[in-house]
Every structure is written in structure tokens, then in C-alpha cells.
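# Chains, contacts and geometry: an overview
Take a look at the letters that make up each chain.
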Protein chains: 2
Amino acid sequence: MSKKLDKRAEVIDLLTVHFLDTGLSDTGLRRLAEVAGTSDRMLLYYFENKDELLAAVLTHIAGGLSASLTQLFGTTPLSPDTVLEKLWVAAKSDAFKSHLRLWLDLAAHANRGDPLFLSIAQQISTGWINWMASLLDVPEANKDATAALILAAVDGQLVLFPGEIARGEYAILQLIALFRGQTKAQAQSGAA
Amino acid sequence: MSKKLDKRAEVIDLLTVHFLDTGLSDTGLRRLAEVAGTSDRMLLYYFENKDELLAAVLTHIAGGLSASLTQLFGTTPLSPDTVLEKLWVAAKSDAFKSHLRLWLDLAAHANRGDPLFLSIAQQISTGWINWMASLLDVPEANKDATAALILAAVDGQLVLFPGEIARGEYAILQLIALFRGQTKAQAQSGAA
DNA sequence: GAGTATTTGTAGCAGGCGCTACAGTAATGC
DNA sequence: GCATTACTGTAGCGCCTGCTACAAATACTC
């Protein structure tokens, strides 16, 4: 029984790489088996069916992502413009870009109604918003909204500039400027 | 020869509805034929192959969208907060939501590298940015960036809240507030 | 009305899909 | 050593995919 679970975990690791590389297309059982160095027959031995396999790999990826995000940003509160600036630098990196592309795939599937992907996508989204909200140094009432705005702005670039997210840079800079302008205005009204 | 073209146009119209309803899944030739009231054999008579069919329908949809956008917004320049407010109201409507969901589908396919969808998605994106940039009453240097920011913010809600875009409302309101704050600050510095 | 060009139906190919039945091997407990 | 359990290969099911060969029907030209 333990060999099965070990193999299962190993397969999940191997498929994690593959999913980040190629997204949610190219997920035929025979293809996944090839990538994982096994057979389709075995995949359906380790996992109950294809859906369970997908769910396992995707939640594993989500876990890894939130871990690396926490590592990257720490836990001390930051201003919105700083968070966005840092997030944008990350978003342009290859490792992160893979996650974003996969997330977009997921959102697209979820949006077309697939219940499996819907629940996973929602789970990841709320996790991400909560994480960012807790990181933001803004009034409690604005935390969720600011977090959602920052995340949406970055994700939106992916939709707007398929395959070359970096081209959305000017929009991100614009939002950073808006955040800074707001901070300044608040400081002035506070000083008055 | 003319009957063929007529039929082709009719098929495009029928499939437009279907694509807006169901996105880019459910696009098997036999299924599309059923929706269009014909046979798969005939679809491949009207269109060279499936790719050409998809391209034809998608560009037709894109054309219709930009027409209805122009109708909705007119051509007189508007401030960013007004544009975003109006766009958001539209985005929540059913008709528009269908377009957004389809666009998300398209972006996801494009992001995974499919050349067909990539070129169509890019074409639609730049068209949309250009249209909005020309509509914005902001300094020339900021037009594209502001347009991209507004569009990304709305699209981002679709990614962030799959299936229930309206839940991103607070983030949109936040951005509207930022735009208004900026306008006020500019007015003040202009008055000084 | 004969002859040509356009339009359509029938049937099927080669390949992929998720999944399973069955049989065999290998390891484990007693 | 024997029995039970865990593991894995082979083969194939039924269904779907985009697409095509072939032939029949229909429309159009002269």
C-alpha cells in the first residue's frame, strides 16, 4: 500500500512540471503517463480517475505557489504600490509566468462551467486574495478591494497581452502611480 | 457559388450565438453542424477546415462587439472613471458577459501557444485598447496605459471570480475612486 | 434536353479518448 | 510452503475527433 502512495506522490511531482509547462491542454492519460514515466493503466491505479488526478496535481501546484509567495513577500505589511511593484517583477519571471498561465487556463475552464475546475479555481482565488489582503498596509475596509484590484490588474495583462504579459507594463506603472498619488493625498489631508 | 456563400454567412450567424453561449469547448464539427442545422460534411464544404470556421466566427463576433461598443459609448471623450463605470455596468450585463467569457477562453488558448487563437486574440485586444484609448479624455502620453489598465481591471475580475464576475465590484469601485482622486489632485495643482 | 457545375448524402478512415476485464507477477503474512 | 494481497502488463471496448472518397441529386447554361 505504501508503494502506491509513494508512486502517487512522485507522479504528482512529475506532472506538476508538465502542467506548468503546457497548461491544461495535452492532458490525455497516455500522454501524462509518458511524462510521468508510467502507463495509463497505472495512472488509473494511483488515482481513482482522471478528474481526481487533475485535482490532486492542481491543488499541489496551488500549495507550492502560496508557499513561494509567502517566502518572497514575507509577512510585514507593505503599501499597495510596493506590493504591486514586487508582484509585477515576479509576474514577469518565468517561474511565476507559468503559474499565471495555468491559472488563466483554470479560470477559463471554470468560467465555462466545469464544476471540477470551478471549485479549484475559486479556492485558489480566495486564497490568493486573502493572502494579499493580509499583506497590505491599508485600512481594514479597503484591504480586500485593494487586493482584488492588484491581482486583477496583473491577471488582466495576461488576458490583454496573450503570450507576452510584459507588454502590459505601462498599465501596471499607471496603477502604481495612482496608488502613490493616493498615499500622498492622504498624507497631505492628514497633515492639514 | 452564391448559395454557398449565403449559407456560409447564415452558418456564421447561427454559430455566433452558440459560441457566445458555450465558449470554445463544445466545438466538435458534428455538434456545430447540429446547431447550425446542417451536417459536418456541409460545414467542411462551406469552410476549408475547422480552423477557418473558427476564425470566421470569432472575427465576426469581434466585429459585432466593437460595433455595439461604439454604439454604447459614442465618440465624445470621457474621463477614466466615467468610462470604467460605464464599462463595468455593461460587463455585468448578460450580453456583454458572454463576450467577456469568450474572450477569456480565447486568451487562454492563445496563452498556451495556439497560433490560430493567438493572432485572433491579439487582433481583438489591440482593437479594444485602441478604441478605448481614443475614447479617453486624458493626456496623450497616458491614453494607452489607462486604457489597458481599465480593460485589465475588468478582465481580471473574470479571472479572479470565475462564473460570478459581479463579485469583483469592490475592486472596480476602488479603481474608480483612485481615478477620481487623481483628477482632483490634478485640478488642485492646476489651480495653485 | 444534353452537358456541365454546384450542392449534398452515405459511409468510413485513422487516430484519439477515458476506462476496464483479465491475467500474470511480485511481495507479504502466517 | 501456502494463501492472500499488492502491483502491473496486454488487449480492447465504445465513443468521439477532423476529415475524405465516392456517388447521387440538383441547378444552371446553351
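Check the entry above for the structure.
Residues numbered from 1 in each chain as written. Chains lettered and ligands numbered in written order. Predicted model: local features only at pLDDT ≥ 70, side-chain atom pairs only at ≥ 80, totals over all residues. Heavy atoms only, no water.

Time to look at the protein's contact with DNA strand D. Near DNA strand D lie 18 residues; those nearest to it are R41 and Y45 of chain A together with L29, D40 and K50 of chain B. Within the side chain of D40 of chain B, one N or O atom sits 3.0 Å away from a base nitrogen of DNA strand D. The set of elements that each furnish at least two residues to the surface near DNA strand D consists of α1 (2–22) and α3 (40–46) of chain A together with α2 (29–36) and α3 (40–46) of chain B. Broken down by class, the residue content of the surface near DNA strand D amounts to 6 nonpolar, 4 polar and 8 charged. (Near = heavy atom within 4 Å. Polar contact = N/O pair within 3.5 Å; in protein donor to acceptor, adjacent residues only side chain to side chain. Helix = DSSP H or I, 4+ residues; strand = E, 2+ residues; numbered from the N terminus. Nonpolar A, V, L, I, M, F, W, Y, C, P; charged D, E, K, R; others polar.)

Turning next to the packing of aromatic side chains. Tallying each qualifying case throughout the model produces 10 aromatic pairs over all chains. Look at F96 of chain B and W128 of chain B: their rings are 6.5 Å apart centre to centre, the planes differ by 50°, and that puts the pair in the tilted class. Of this pair, F96 of chain B sits in helix α6 (residues 94–111) while W128 of chain B sits in helix α7 (residues 115–135), and the two are 32 residues apart along the sequence. Classification of F96 of chain B by relative accessible area gives buried; the value is 9%. Judged by relative accessible area, W128 of chain B falls into the buried class, the value being 5%. Grouping aromatic residues by their ring pairs yields a cluster made of F96, W103 and W128 of chain A. (Phe/Tyr/Trp six-rings, centres within 6.5 Å; stacked < 30°, edge-to-face > 60°. Buried < 20%, exposed > 50% of the residue type's maximum accessible area, 1.4 Å probe, protein only.)

Among the nonpolar cores identified, the biggest contains 140 residues, and F19, W128 and L175 of chain A together with F19, W128 and L175 of chain B are the most heavily contacted of them. If sequence neighbours within four positions are ignored, W128 of chain B has contacts with L65, L69, F96, L100, W103 and L151 of chain B. (Core = buried A, V, L, I, M, F, W, Y, C linked by side-chain atoms within 4.5 Å. Contact = heavy atoms within 4.5 Å.)

The two copies are related by a screw motion: chain A maps onto chain B through a turn of 180° and a shift of 0.0 Å along the axis, at an RMSD of 0.1 Å. On the angle and the small slide along the axis, the relation comes out as a two-fold axis. With an isologous cut-off of 70% or more, the 100% of interface residues of chain A that recur at the interface of chain B puts this contact in the isologous class. (Least-squares fit on C-alpha atoms with pLDDT ≥ 70 in both.)

In the region of DNA strand C, 18 residues are neighbours, and L29, D40 and K50 of chain A together with R41 and Y45 of chain B sit closest. Backbone atoms, meaning sugar and phosphate, form 42% of the atoms of DNA strand C found within 4 Å of the protein. Y46 of chain B is positioned with one of its side-chain polar atoms (N or O) 3.1 Å from a phosphate oxygen of DNA strand C. For the surface near DNA strand C, the secondary-structure elements that each account for two or more residues are α2 (29–35) and α3 of chain A together with α1 (2–22) and α3 of chain B. A per-element tally of the surface near DNA strand C places α3 of chain B first, with 4 residues. Grouping the constituent residues of the surface near DNA strand C by class yields 6 nonpolar, 4 polar and 8 charged.

Between helix α8 (residues 143–160) of chain A and helix α8 (residues 140–160) of chain B, the shortest axis-to-axis distance is 6 Å and the interhelical angle comes to 100°. Judged by the inter-axis angle, α8 of chain A sits roughly perpendicular to α8 of chain B. Mapping the contact onto sequence places A148, L149, L151, A152, A153, D155, G156, Q157, V159 and L160 of chain A in α8 of chain A and A148, L149, L151, A152, A153, D155, G156, Q157, V159 and L160 of chain B in α8 of chain B. When the residues that make up the contact of α8 of chain A with α8 of chain B are grouped by side-chain class, the tally is 14 nonpolar, 4 polar and 2 charged. (Axes fitted to C-alpha atoms, helices over the stretch in contact; angles between N-to-C directions. Parallel < 35°, antiparallel > 145°, perpendicular 65-115°, else oblique.)

From the geometry alone we can't say anything about function, so treat these as descriptive.
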